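Coordinates in review
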Amino acid sequence: MGTLLIIVAGILVGFLIFIRPALGLGIILLSALFLPEIEFGSVGVSRGIQAREISVRPEDFFIMLVGIGWFVEAAIRGRMPSIIHNPLNIPILVLTLVMISATILGIAQGTTTFGAGILYTLKKIQYFIVFFLIIGNVKTFKEVKSNITLLIIFSVVVALWSIVEYFFLVGGVARITGPFMRKGQPPILGGFFLMIIFLGISFFMRYTEFRKRIPMLIIVVISFLVIIFTKTRSSYVGAFIGLIAFGIIFRKPALLAIPILLVITIDIIFPTVIAERIHTIGGIWQRGETTSPYAPSWDVRVATWKEVMPEIMAYPLLGKGAGCYSLAWLDNQYVTDLLYMGVIGLGVFIWLLFRIFKTVFYLSKSPPPSTPSEGIEYSYVMALSAGYLGGLIALIIHGMAVTTFYNIRTMIPFWFLTGLVIVSRDLFLRTEDIKSPLTYNA
């Protein structure tokens, strides 16, 4: 009976998404953050600790329905689905073509398997689909704000879930996973909240009304707690460097003091088990000294990266194809891209990141228009773009020890948020006198 109810509920939700594609965007986000995946087998990889499991996630189904509904709705209205022109379209298209080419070549030369290659490639393409569904379906500034609010509400629920888990389920000893509930997910949870904490900081700094600042302060505090409770060193370093970069870029000296004060007061404000874990970060540069604690997991990562360097050199241009190594075995976004797509693939990925940064940076620095378009809130757009940049910088650092830009629970929210920022940019460009680097095509 329970299974039947789930199936019926899924069909009803699917029908609702089909007839209202814009509504399905929030359901995609909800399913990515809260709903479990269903495993039904595995595919082999050419190298790694274990085979990669095959799993079906609810968002896979919902993304497909939103896409179909979007095309059907456009067909009924007699026009093709529109995707706004933006500077990310070409890098995304090129990266997709490189991924597909590298994977086909890897399958042909036997460096990756057909199942793993297809699985990893389609999953990465799926993130881009989320981005295009956002910029194709979100048309107004009101819809942008509604979806950002939805993201923040979901993040608060995930944070509260995680905090309860830390104090009542794992007793402050084990690492938390949040509603993701899988071994190895703490770094992914930390990566998600690197985005949220910078959004909270940015909105807190932009708002002047007390009633708006308090909710943002609460979001910052609970996001900080979740990042700390994940006990993930890559998240700590990402937040630390992100705060410094954010403070420098947006000239906020107070933010520069926060990470410094946290380092100075580690042993005072953090529980012993967390303080000791933070201390091991500094020990990376002092390993070998008996008095300096350090993270053995870092040495394991470095040894793994050194081990695969000959294979990177053997397939330098397009790599060995997606899925040739398991993500968990490599634990580095950039080494993984070198192995999967070679120097060409990594170069295109860096180009995409640079294009995102440059586009949003110009948006965050744009002066207010003399005659704003109706409904466009300048301060909101600036806060959104600045917070997004802080989170992007933190995620780039996070990727040095985690395959951040491959993980579903982080990337669907990331591309969801990226799409909303780009839509905001497009709406902002329509204001009367914005002339600016925002219109660049390079």
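Thresholds applied
Residues numbered from 1 in each chain as written. Predicted model: local features only at pLDDT ≥ 70, side-chain atom pairs only at ≥ 80, totals over all residues. Heavy atoms only, no water. Helix = DSSP H or I, 4+ residues; strand = E, 2+ residues; numbered from the N terminus. Buried < 20%, exposed > 50% of the residue type's maximum accessible area, 1.4 Å probe, protein only. Contact = heavy atoms within 4.5 Å. Areas by Shrake-Rupley, 256 points an atom, 1.4 Å probe, with all protein chains shown as cover. Salt bridge = Lys/Arg side-chain N within 4 Å of Asp/Glu carboxyl O. Phe/Tyr/Trp six-rings, centres within 6.5 Å; stacked < 30°, edge-to-face > 60°. Lys NZ or Arg CZ within 6 Å of the ring centre and 35° of its normal. Expected span 1.5 Å × (residues − 1). Bend = angle between axes of the 7 residues up to and from the residue. Polar contact = N/O pair within 3.5 Å; in protein donor to acceptor, adjacent residues only side chain to side chain. Patch = residues over 30% accessible without salt bridge, like charges linked within 9 Å, V, L, I, M, F, W, Y side chains within 5 Å. Core = buried A, V, L, I, M, F, W, Y, C linked by side-chain atoms within 4.5 Å. pLDDT = per-residue confidence, 0-100. Axes fitted to C-alpha atoms, helices over the stretch in contact; angles between N-to-C directions. Parallel < 35°, antiparallel > 145°, perpendicular 65-115°, else oblique. Left-handed = near helix turned anticlockwise from the far one by under 90°. Nonpolar A, V, L, I, M, F, W, Y, C, P; charged D, E, K, R; others polar.

1. Quick notes on the overall build of the protein chain
Within the protein chain, the regular secondary structure consists of 17 helices and 2 strands. Considering the protein chain as a whole, with its 442 residues, one finds that 54% of them fall into the buried category. Long-range pairs, those at least 24 residues apart, make up 73% of the contacts in the protein chain between residues at least 6 apart in sequence. Of the roughly 19800 Å² of accessible surface on the protein chain, a fraction of 71% belongs to carbon and sulfur atoms.

2. Some words on unusual backbone geometry
Even without being glycine, K231 reaches a positive phi, approximately 55°. Tracing the backbone shows K231 in the loop between α8 (210–229) and α9 (233–249). The exposure class of K231 is buried, given its relative accessible area of 3%. Positive phi, close to 55°, is recorded for R251, a residue that is not glycine. Here R251 lies in the loop between α9 and α10 (253–264).

3. Points about the pattern of salt bridges
Taken as a whole and assessed by the stated rule, the structure comprises 4 salt bridges. Of the charged contacts in the structure, one is a salt bridge between E209 and R211, with a shortest N-O distance of 3.1 Å. Taking relative accessible area as the criterion, E209 reaches 35% and is therefore assigned partly exposed. We classify R211 as exposed; its relative accessible area is 61%.

4. Comments concerning the packing of aromatic side chains
A full pass over the atoms with the stated rule returns 22 aromatic pairs. Between the aromatic rings of F203 and Y207, the centroid separation amounts to 5.7 Å while the plane-to-plane angle is 25°, which identifies the pairing as stacked. For the pair formed by F203 and Y207, the shared burial category is buried. Grouped by ring-pair contacts, the aromatic residues F128, F131, F132, F349, Y388, F405, F414 and W415 constitute a single cluster. Taking the ring centre of Y406 as reference, the NZ or CZ of K124 above it sits at 4.1 Å. Stacked on the ring of F204, the Lys or Arg R213 has its end atom at 4.1 Å from the ring centre.

5. Details of helix α15 (residues 333–365)
Three- or four-residue spacings in an α-helix give side chains the same orientation, since the helix completes a turn every 3.6 residues. Counted at 1.5 Å a residue, the expected span for α15 with its 33 residues is 48 Å, but the 29 Å between its end C-alpha atoms falls short. The sharpest bend along α15 measures roughly 125° and falls at M341. The opening residue of α15 is N332, an N-cap whose side-chain oxygen sits 2.8 Å from the backbone nitrogen of Y334.

6. Some points on the environment of I344
Mapped onto the fold, I344 is located in helix α15. Setting aside residues up to four positions removed in sequence, I344 forms contacts with V98, L317 and L318.

7. Points about the side chain of N407
On the secondary structure map, N407 appears in the loop between α16 (378–398) and α17 (408–429). On the basis of relative accessible area, N407 is assigned to the buried category, the value being 13%. Beyond its immediate sequence surroundings of up to four residues, N407 is in contact with Y127, I188 and V402.

8. Section: a nonpolar patch on the surface
On the surface, F210, I214, L217, I218 and V221 cluster together to form a nonpolar patch covering roughly 460 Å² of accessible area. Along the chain, I218 falls in helix α8. Residue classification places I218 among the partly exposed residues on the basis of a relative accessible area of 47%.

9. A few points about the nonpolar core
Grouped together as the largest cluster of nonpolar side chains are 129 residues, with contacts concentrated most on F193, L339, Y340, L384, F414 and W415. With 14 residues, the single largest contributor to this core is α15. The residues touching W415, leaving out its near neighbours within four places in the chain, are I92, Y127, F128, V130, F131, L352 and I356.

10. Structural notes on the confidence of the model for the protein chain
For the protein chain, the average pLDDT comes to 82, and 79% of its residues sit at 70 or higher. This model gives residues 432–442 a pLDDT under 50, and the stretch forms 27 contacts once residues within four places in sequence are excluded.

11. Points about the packing of helix α7 (residues 186–206) against α16
Remark: α7 packs on α16, axes separated minimally by 8 Å, with the N-to-C direction vectors making an angle of 150°. One finds that α7 runs roughly antiparallel with respect to α16. The chirality of how α7 crosses α16 is right-handed. Partitioned by chemical class, the residues of the contact of α7 with α16 number 15 nonpolar, 7 polar and 1 charged.

12. Here we look at the side chain of N332
Structurally, N332 is set in the loop between α14 (327–330) and α15. Classification of N332 by relative accessible area gives buried; the value is 6%. Of the polar contacts made by the side chain of N332, one reaches the backbone nitrogen of Y334; its length is 2.8 Å.

13. Examining the packing of helix α6 (residues 141–169) against α17
The angle between the axes and the distance between the axes are what describe a pair of packed helices. Following both chains from N to C, one finds α6 and α17 inclined at 155°, their axes separated by 10 Å at the closest point. Relative to α17, the element α6 lies roughly antiparallel. Note on packing geometry: the crossing formed by α6 with α17 is left-handed. Across the interface between the two elements, F141, V144, N147, I148 and L151 of α6 pack against F416, L417, L420, V423, S424 and L427 of α17. Looking at the contact of α6 with α17 residue by residue, the class counts come to 9 nonpolar, 2 polar and no charged.

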